[in-house]
Amino acid sequence: MNKTPPISVPEPPKLLDQLRGRLRLKHYSIRTEVQYVQWVRRFILFHDKRHPQEMGAGEVESFLTHLAVSDKVASSTQNQALSALLFLYREVLEVDLPWLDNMVRAKRPARLPVVLTVQEVQAVLERMEGTHGLMARLLYGTGMRLMECVRLRVKDVDFARGEILVRDGKGAKDRVTMLPQRLIPALQEHLQRRRLLYEDDFVKGMASVYLPDALERKYLNAATGWVWQYIFVARSYSIDSRSGTERRHHMDEKLLQRAMKKAVLAAGLTKPATPHTLRHSFATHLLQAGYDIRTVQELLGHSDVATTMIYTHVLNKGGKGVISPLDHL
């Protein structure tokens, strides 16, 4: 008599896999996914691998306190950990815990942005060459964020109109900024070299790039098309952490950060300038030139003009434009 083979029941996905799946369903960025998974893992390990469903307000508070007191993390880092745990409980475990709503977030200190003078920007850019120099000039000339520049695609640059379309910026918003006329020849030359690299990849069957929001299934050939290619790319192929596909990804932003750090040191500047400082300098110098703050707000992609107002601090001479009494002696 033949026995009926037992029916194999697939094991439910592990907690962290459930977390990843939910984050992707909600269209969170890959960077947010990596950070949220890391914080949930640290939370579980901190409490001796207990399942989050067995824990509550006390465990969350003790974990956040440990981060602030023992690890001395910044308030923004502590808030990111809290956001990860909020997402875990609400979206993955589907647990309604009122105490999470009352959890006090660490207050971020009000910091004024680091801004370079026009002469300091020039000194830094003069010490940056090649692709990194082009990217740094784009950051200062357009006001883009670092990752917005790194993720630029061929289709986003309109040479005829002198515009750059920033896709899926902070807050998942699109915006238009200017393309500096001085950069057009250098950018066109870079794209010519980039086209040759793309053609070599295409012959090898390695020209596919990541497309957002299932566009790869909607437009079957778009992933290998020229217009969707990243403008600034890595030198070698790497494995896409989500799809497992080997492809040429965009450039690692750390390379630009290191290149600018060297340029800042070579220029002899004492300010802690980073690529994001070029965005701050872009906004400040436009306001100094007399441009309307609403225009600058749109170019930066700020939802609230109050965010842009922080750059007006440099328009006042010294301490809010007040003349020191010592100068009257």
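Residues numbered from 1 in each chain as written. Predicted model: local features only at pLDDT ≥ 70, side-chain atom pairs only at ≥ 80, totals over all residues. Heavy atoms only, no water.

Quick word on the overall build of the chain
Thinking step 1. Within the chain, the regular secondary structure consists of 14 helices and 5 strands.
Thinking step 2. Looking at the chain as a whole, 41% of its 329 residues qualify as buried.
Thinking step 3. Taking as baseline every contact in the chain between residues at least 6 positions apart, the subset at least 24 positions apart corresponds to 59%.
Thinking step 4. For the chain, the accessible area works out to roughly 20100 Å², and carbon and sulfur atoms hold 54% of it. (Helix = DSSP H or I, 4+ residues; strand = E, 2+ residues; numbered from the N terminus. Buried < 20%, exposed > 50% of the residue type's maximum accessible area, 1.4 Å probe, protein only. Contact = heavy atoms within 4.5 Å. Areas by Shrake-Rupley, 256 points an atom, 1.4 Å probe, with all protein chains shown as cover.)

A closer look at the sheet that holds strand 2 (residues 163–166)
Sheets are built from strands paired through backbone hydrogen bonds, the pairs being either parallel or antiparallel.
Thinking step 1. Taken together, the 3 strands give an open sheet; going across it, the order is 1-2-3, and neighbouring strands pair in antiparallel fashion. Here the strands that pair on one side only, and so sit at the sheet edges, are strand 1 (157–158) and strand 3 (175–178).
Thinking step 2. Pairing of strand 1 with strand 2, which is carried by 2 bridges, proceeds in the antiparallel orientation. What sits directly across from V157, in strand 2, is I164. (Pairing = 2+ DSSP bridges.)

Examining unusual backbone geometry
Thinking step 1. Despite not being glycine, K49 shows a phi value in the positive range, around 65°.
Thinking step 2. With respect to the helices and strands, K49 occurs in the loop between helix 2 (30–46) and helix 3 (57–69).
Thinking step 3. Unusually for a residue other than glycine, K72 sits at a positive phi of about 55°.
Thinking step 4. Considering the arrangement of structural elements, one finds K72 in the loop between helix 3 and helix 4 (75–92).
Thinking step 5. On the basis of relative accessibility, which here comes to 65%, the residue K72 falls in the exposed class.

Topic: the packing of helix 2 against helix 3
Thinking step 1. The interhelical angle for the contact between helix 2 and helix 3, taken along N-to-C directions, is 105°, at an axis separation of 10 Å. With respect to helix 3, the axis of helix 2 lies roughly perpendicular. Only E59, V60, S62, F63, H66 and L67 of helix 3 make contact with helix 2, whose side of the interface consists of W39, R42, F43 and F46.
Thinking step 2. When its residues are assigned to classes, the contact of helix 2 with helix 3 shows 6 nonpolar, 2 polar and 2 charged. (Axes fitted to C-alpha atoms, helices over the stretch in contact; angles between N-to-C directions. Parallel < 35°, antiparallel > 145°, perpendicular 65-115°, else oblique. Nonpolar A, V, L, I, M, F, W, Y, C, P; charged D, E, K, R; others polar.)

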